[in-house]
Amino acid sequence: MTEVTGDATDLYWYKLMSVLELGGRIRQLAVNSVCLDFSENLQLLLKPDQKHLAAPVAIEQLKTELEKYLDQAVTLNVEVGVDDKRETPLEIRKRFHQSLLQETEQLLNQDEHVSWLKQNMGASLNIDSLGFPREKMLAKAESIAKLDFNSAKN
């Protein structure tokens, strides 16, 4: 498995979103937001095309779920905007997914049985049909280091 890279706060926000059991609008609000400041005063930057998700009730529900998981009171502020140097959990997930697909393709292309099938039977790999075990994606999230409040200053 390739090394997990990226901004430490972005990666930890991705990790939190992979373990929190959020649904619907609340999940979409969280995974489409960059966590600018991981502290008691959580600052989220929501993608402009998702601004409709920032309803006060959804923000309050996300705040409640974060407080339960973190076992600590937090303030949650959501602004709409873009930071081109940062990634949302959704963007990180897509990047990890693409990376795992590339690794899978490489492994299959190096496999002696696949090579034999290609050479002797005219077989080819349909890249669009490749997949990988769910555990590989979970392993990426598990390898991300935990952040403590105020340790993720930018």
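Look up a bit, the structure's there.
What counts and what doesn't
- Residues numbered from 1 in each chain as written.
- Predicted model: local features only at pLDDT ≥ 70, side-chain atom pairs only at ≥ 80, totals over all residues.
- Heavy atoms only, no water.
- Patch = residues over 30% accessible without salt bridge, like charges linked within 9 Å, V, L, I, M, F, W, Y side chains within 5 Å.
- Areas by Shrake-Rupley, 256 points an atom, 1.4 Å probe, with all protein chains shown as cover.
- Salt bridge = Lys/Arg side-chain N within 4 Å of Asp/Glu carboxyl O.
- Helix = DSSP H or I, 4+ residues; strand = E, 2+ residues; numbered from the N terminus.
- Axes fitted to C-alpha atoms, helices over the stretch in contact; angles between N-to-C directions.
- Parallel < 35°, antiparallel > 145°, perpendicular 65-115°, else oblique.
- Left-handed = near helix turned anticlockwise from the far one by under 90°.
- Contact = heavy atoms within 4.5 Å.
- Nonpolar A, V, L, I, M, F, W, Y, C, P; charged D, E, K, R; others polar.
- Buried < 20%, exposed > 50% of the residue type's maximum accessible area, 1.4 Å probe, protein only.

Can you help me understand a nonpolar patch on the surface in this one?
Taken together, the side chains of Trp116, Leu117 and Met121 present a nonpolar region at the surface, about 340 Å² in accessible area. Relative to the helices and strands, Met121 resides in helix α5 (residues 112-121).

Sorry if this is basic, but what is going on with the packing of helix α1 (residues 8-19) against helix α6 (residues 134-142) here?
Relative orientation and spacing of two packed helices are given, respectively, by the angle between their axes and the distance between those axes. Viewed as axis vectors pointing N to C, α1 and α6 meet at an angle of 130 degrees, and their least axial separation amounts to 9 Å. If you check the angle between α1 and α6, you find them oblique. Between α1 and α6 the crossing geometry is left-handed. For the pair α1 and α6, contact is made by Tyr14, Lys15 and Ser18 and by Met137, Ala141 and Glu142, respectively. For the contact of α1 with α6, the class distribution of residues is 3 nonpolar, 1 polar and 2 charged.

Just checking my understanding: could you explain unusual backbone geometry for this structure?
The phi angle of most residues is negative, glycine excepted, and most peptide bonds adopt the trans form. With phi around 55 degrees, Asp71 is a residue other than glycine that occupies positive phi space. Counting through the fold element by element, Asp71 comes out in the loop between α3 (56-70) and β3 (75-80). Taking relative accessible area as the criterion, Asp71 reaches 69% and is therefore assigned exposed.

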